[in-house]
Amino acid sequence: MNNWYYSFPSIKVIIILTPFLLLGCGGKSEEKEVEVEKEDSFKSFQLDIRSDDTPFAELIDKLEITRFEETEESLLSYVRQVEIYEDKMFVPGKEGNIHVFSGDGDFIRNINRQGDGPEEYRFWKEIWLEGDTICLYVLRKGVWRYDFNGNFISSESFSFPATHIHPYKDGYALDMNYRMINDTSQYALVTLNKKLGVDQLLLPFTKRPEFGYSMPFKTVFPLGDEVLVFPIMKDTVYRLSGDSIQPAIHYNFGEDWFFKPGDVLTNSFMEEVREKGRVWWLYNTVGKRYVYLSATVGNGGRARYFINRENGQSVRLVNKLRSGEDFALTGIKWDGDDFLFTMQSAQLADLLEELDVAQYSYTKGSTLEEIESSENPVLVRIKVKDFAKD
């Protein structure tokens, strides 16, 4: 097996070159094929990779900084996900660790139940919270649940090799990442019912990529009471609702979008990407009102945007700080109109130099001195200025 690694600021994209296998799901269930419907709430946003860009700092109204305390047990090379419950933060880590921090970033403990026992896992692929319960998706095994001290609560077993999953209705929505669920069914998304049998077959495809690939960011994720699906290498976000699926958001790059209808990944993919210099991969953080979107262009170029979902306006962000250094950030979530993201601690001082002192503050226990001396990323909350154009 050969691995290709494409490294971009704040992300590592891993494309795994392996032949696709026909993957059985075991057991019998009633399968329902669901057509894609279009709702009135569908919106398409016109985006230009050559439009004038705006310095990130000019879009910040207020900024709040929280460090992740660095100890021998809480070393974080990157933070792509933060799950928050009341006064605690849960950060997925390496080697099966889940790092638990206070709301102010004090390290509390690690949770790690890695092992071969019935209440343990070899490794987990996805994490989310259900109230005060930690839920882990264990590839080809199912969902394991633990309390905040790492004590086992329960498990649900199913063998579907999904890339990403999230609870949906009484079961789950599974991004199959173009893996076949049996000898004939080719669907990118599958939902499971309460009994963990196949309920719905969604987003059919006719061609499979010539090689497999995987991305670290969630492609099935909640937004309030909704569940959204953003298939890899697509420019459309879908909304799951009842027994239907509808396009919800379209990122329209026009002729600058690499994939055309019916296209699949081929073995010459990266060569074509370098040659054409088009947008080929999108990563988004979706809120009720705003979206943060990062687009990979050609061989590692980036175009990043804030999008207002209500009025359709967008602004392209400058990719560099005033110092000239590439600015790397990873979107975590929108909390109302506040945008939470992580960034390299070494870049924080450069960002703050572009702001007035009155614009930023630290949560209890966080200081610039400690952050600069730490290799852990820093969590930042900003209130975005209105970027509406006349």
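This is a predicted model, so every value here is computed, not measured.

*Asks:* Explain the overall build of the chain to me, please; I cannot follow it from the model alone.
*Replies:* Scanning the chain for helices and strands turns up three helices and 30 strands. Across the 390 residues in the chain, those meeting the buried criterion constitute 53%.

*Asks:* Even after reading the chapter, I still don't get the environment of F221, so can you show me in this structure?
*Replies:* Along the chain, F221 falls in strand β19 (residues 220-223). Considered as a pair, F221 and H166 are 55 residues apart in the sequence and their alpha carbons are 6.3 Å apart. In contact with F221, other than residues within four places in its own chain, are E226, V227, L228, F230, N284 and V286.

*Asks:* Explain the confidence of the model for the chain here, please?
*Replies:* It should be kept in mind that the predicted coordinates are not to be read in detail where pLDDT is low. Considering every residue of the chain, the mean pLDDT works out to 87; 89% of them sit at 70 or more. Predicted confidence is poor over residues 1-29, with pLDDT under 50, and the contacts of this stretch with residues over four places away or in other chains come to 76 contacts.

*Asks:* Help me out: how do you make sense of the pairing of strand β18 (residues 198-204) in this one?
*Replies:* Along any regular strand, the residues point their side chains to alternate faces of the sheet. The buried count for β18 comes to six of seven residues, which makes it a mostly enclosed element. By the bridge criterion, five bridges tie strand β17 (residues 187-192) to β18 in an arrangement that is antiparallel. Looking at the pairing, V190 lines up with L201 of β18. Between the end of β17 and the start of β18, which pair antiparallel, lie five residues, with L196 showing a positive phi angle near 70°.

*Asks:* Looking at this structure, I do not really get the sheet that holds strand β8 (residues 88-92). What am I missing?
*Replies:* Sheet strands pair by backbone hydrogen bonding; their relative direction is either parallel or antiparallel. Taken in spatial order, the four strands line up as β7-β8-β9-β10 in an open sheet, and their pairing is antiparallel. On the outer flanks of this sheet lie β7 (83-85) and β10 (107-111), each paired with one strand and no other. Ignoring which end each strand starts from, the neighbouring axes of this sheet average 20° apart. Relative to β8, β7 is paired through three bridges, and the arrangement is antiparallel. The residue of β8 that forms the bridge with E83 is F90.

*Asks:* Please clarify how the sheet that holds β19 should be interpreted in this entry.
*Replies:* Read from one edge of the open sheet, five strands run β4-β22-β21-β20-β19, paired in mixed fashion. Since the sheet does not close on itself, it has two edges, and those belong to β4 (43-46) and β19, each with one partner. Pairs of neighbouring strands in the sheet enclose a mean axial angle of 25°, with direction left out of account. Sheet analysis places strand β21 (residues 236-241) next to strand β22 (residues 244-252), joined by six bridges and oriented antiparallel. Across the sheet, V237 pairs through a bridge with I249, a residue of β22.

*Asks:* Help me out: how do you make sense of the pairing of strand β27 (residues 329-335) in this one?
*Replies:* Of all seven residues in β27, five are buried; the element is thus mostly enclosed. Here six bridges tie β27 to strand β28 (residues 338-343), and the two strands are oriented antiparallel to one another. The residue of β28 that forms the bridge with W334 is F339. Linkage of β27 to β28, two consecutive antiparallel strands, is achieved through a turn of two residues, within which G336 is found at a positive phi near 65°.

Thresholds, definitions, all that
- Residues numbered from 1 in each chain as written.
- Predicted model: local features only at pLDDT ≥ 70, side-chain atom pairs only at ≥ 80, totals over all residues.
- Heavy atoms only, no water.
- Helix = DSSP H or I, 4+ residues; strand = E, 2+ residues; numbered from the N terminus.
- Buried < 20%, exposed > 50% of the residue type's maximum accessible area, 1.4 Å probe, protein only.
- Contact = heavy atoms within 4.5 Å.
- pLDDT = per-residue confidence, 0-100.
- Pairing = 2+ DSSP bridges.
- Axes fitted to C-alpha atoms, helices over the stretch in contact; angles between N-to-C directions.

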